[in-house]
Amino acid sequence: MRLLSSLSFAGVLKSLAGALAALGLAAAVQAQAVKPQVMLLATGGTIAGAGATAANSASYQAAKVPVDKLIAGVPELAGVAQVRGEQVFQIASESFTNEHLLTLGQRVAALAVQADVQGIVITHGTDTLEETAYFLHLSVHTDKPVVLVGSMRPGTALSADGALNLLNAVTVAADASARGKGVLVVMNDEIHTGRDVTKMVNIKTEAFKSPWGPLGMVVEGKSHWFRAPVKRHTTGSEFDITRIRTLPRVDIAYGHGNVGDTAYKAFAAAGAKAVIHAGTGNGSVAAGVVPALRELRAQGVQIVRSARVVGGGFVIRNAEQPDDQYDWVAAHDLNPQKARILTMLALSQGADSKTLQRQFMEY
Ligand code: DAS
């Protein structure tokens, strides 16, 4: 009798253990099921790069590692969100074209309206990351977090920064507190607005800066906010990626000592609808270049005065150059590459110089 009772007791224990294990599994599945759903769109760059040895932190091939390997390389992602990957491109970002911007923007906009997407992360090369971030910030109408992330070292290097950058980016994209803050850039523990952030250094992990400071930090799985954007973006923007099929050609000409007007004329001859002047100081234009810019303006080309030195200041209208008289546009605090993005979107909607100037003050 005693044997029988001990056998049935063992049997009861066994089935209880089985039930608990099943419950545990169910709880784990349930826990994962309630985690935010984050889409990871991979485009290439160093974060997908590979070097020959662990000592190669600066010389390597970008855009080699596919999105599923990026996700598998950071198992901690599963603790933050349900992450699904999509390989949109596999390129170094210096090779981004307007078509890449439009394709990526339309994909982000399509995913953003899906109920099974709470946030979007885009892995991207660092060279033009700031341009893509601003483009999406201006043209994707969603308040869901859209976060761009890259790395300064390939995953094969000692002290690679990509894995933690990616975990931090997914953390922010999965965080409801990131909603409504526009397109964000997460690099080196910092959270930046896609509008302000720019790449300041070519070979340090602390490469990205915002002239007016980051919005916050993400540390050990938590987002900490200290500022919020004040300029128009995403759902408050008059630019809508779902209604844009092409972007006009807009080029940037660099100002410097002994500069001539050749570049400006060549860009216009090549079909540029606007030329961004990356001027010295306050976006100043050399006396010898003014006649050519006035002629281009008379031909219908928009002239936008940005500056080499806008980090932490802004181009003032009607200072050395009579912008009202010349009908030129002042880029305010936007650097030349950001000014180009805004100008392309504005001209894609037929903006005249007065509208364009308003938009530089509002976005
Ligand atoms: N060539 C750079 C790019 O793809 C590599 C990087 O820094 O991401 O932008």
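Rules used in this analysis
Residues numbered from 1 in each chain as written. Predicted model: local features only at pLDDT ≥ 70, side-chain atom pairs only at ≥ 80, totals over all residues. Heavy atoms only, no water. Helix = DSSP H or I, 4+ residues; strand = E, 2+ residues; numbered from the N terminus. Buried < 20%, exposed > 50% of the residue type's maximum accessible area, 1.4 Å probe, protein only. Contact = heavy atoms within 4.5 Å. Areas by Shrake-Rupley, 256 points an atom, 1.4 Å probe, with all protein chains shown as cover. Lys, Arg positive; Asp, Glu negative; His and termini not counted. Charge placed at Lys NZ, Arg CZ, Asp CG, Glu CD. Salt bridge = Lys/Arg side-chain N within 4 Å of Asp/Glu carboxyl O. UniProt positions renumbered as here; feature names shortened; annotations may be inferred. Core = buried A, V, L, I, M, F, W, Y, C linked by side-chain atoms within 4.5 Å. Near = heavy atom within 4 Å. Polar contact = N/O pair within 3.5 Å; in protein donor to acceptor, adjacent residues only side chain to side chain. Nonpolar A, V, L, I, M, F, W, Y, C, P; charged D, E, K, R; others polar.

## With respect to the overall build of the protein
For step 1, the next point in the chain: Helices and strands together make up the secondary structure of the protein, namely 10 helices and 14 strands.
For step 2, the next point in the chain: In terms of principal-axis extent, the alpha carbons of the protein reach across some 110 × 45 × 35 Å.
For step 3, the next point in the chain: Taking all 363 residues of the protein together, the buried fraction comes to 50%.
For step 4, the next point in the chain: Excluding contacts between residues fewer than 6 apart, the proportion of contacts in the protein whose partners are at least 24 apart in sequence is 72%.
For step 5, the next point in the chain: Element-wise, carbon and sulfur atoms account for 58% of the exposed surface of the protein, whose accessible area totals about 16,100 Å².
For step 6, the next point in the chain: In the protein, 33 side chains carry a positive charge and 29 a negative one; their mean positions are 4 Å apart.

## Observations concerning the pattern of salt bridges
For step 1, the next point in the chain: Counted by the stated rule, this structure contains 17 salt bridges.
For step 2, the next point in the chain: Linking Arg358 and Glu238 is a salt bridge whose minimum nitrogen-to-oxygen distance equals 2.9 Å. Of this pair, Arg358 sits in helix α10 (residues 353-362) while Glu238 sits in the loop between β10 (222-225) and β11 (250-254); the two residues are 120 residues apart in sequence, bridging distant segments of the chain.
For step 3, the next point in the chain: Note on Arg358: relative accessible area 32%, which makes it partly exposed.

## Side note on the UniProt feature "domain: L-asparaginase N-terminal" (unreviewed entry) in the protein
For step 1, the next point in the chain: Mapped onto the present numbering, the UniProt feature "domain: L-asparaginase N-terminal" (unreviewed entry) falls at residues 37-229.
For step 2, the next point in the chain: Overall, residues 37-229 shows 23% helix and 25% strand. The separation of its end C-alpha atoms is 25 Å.

## Re the nonpolar core
What tends to happen in soluble globular proteins is that the nonpolar side chains get buried as a cluster.
For step 1, the next point in the chain: Core analysis: the biggest nonpolar cluster contains 82 residues, and Leu41, Ile120, Val121, Ile122, Phe135, Leu166 and Phe360 have the highest contact counts within it.
For step 2, the next point in the chain: With residues up to four places along the chain from it excluded, the contact list for Val121 reads Val38, Met39, Leu40, Leu41, Val147, Val149, Leu166, Ala169, Val170 and Ala173.
For step 3, the next point in the chain: Counting 14 residues, the second largest nonpolar core, distinct from the first, contains Ala253, Val259, Leu293 and Ile303.

## Details of unusual backbone geometry
For step 1, the next point in the chain: Of note in the backbone geometry, Thr234 takes a positive phi value of approximately 40° without being a glycine.
For step 2, the next point in the chain: Here Thr234 is to be found in the loop between β10 and β11.
For step 3, the next point in the chain: With a phi angle near 60°, Asp327 is a residue other than glycine that sits in the positive phi range.
For step 4, the next point in the chain: The residue Asp327 is located in the loop between α8 (323-326) and β14 (329-330) in this model.
For step 5, the next point in the chain: By relative accessible area, which is 29% here, Asp327 ends up partly exposed.

## What to know about the site of the ligand
For step 1, the next point in the chain: Lining the immediate surroundings of the ligand are Gly45, Thr46, Tyr60, Ala92, Ser93, Glu94, Gly125, Thr126, Asp127 and Ser151.
For step 2, the next point in the chain: Within the contact set of the ligand, an oxygen atom lies 2.8 Å away from a backbone nitrogen or oxygen of Asp127.
For step 3, the next point in the chain: Alone, the ligand offers 270 Å² of accessible surface; in the complex the protein occludes 91% of this.
For step 4, the next point in the chain: Looking at the shell around the ligand, its residues break down into two nonpolar, six polar and two charged.

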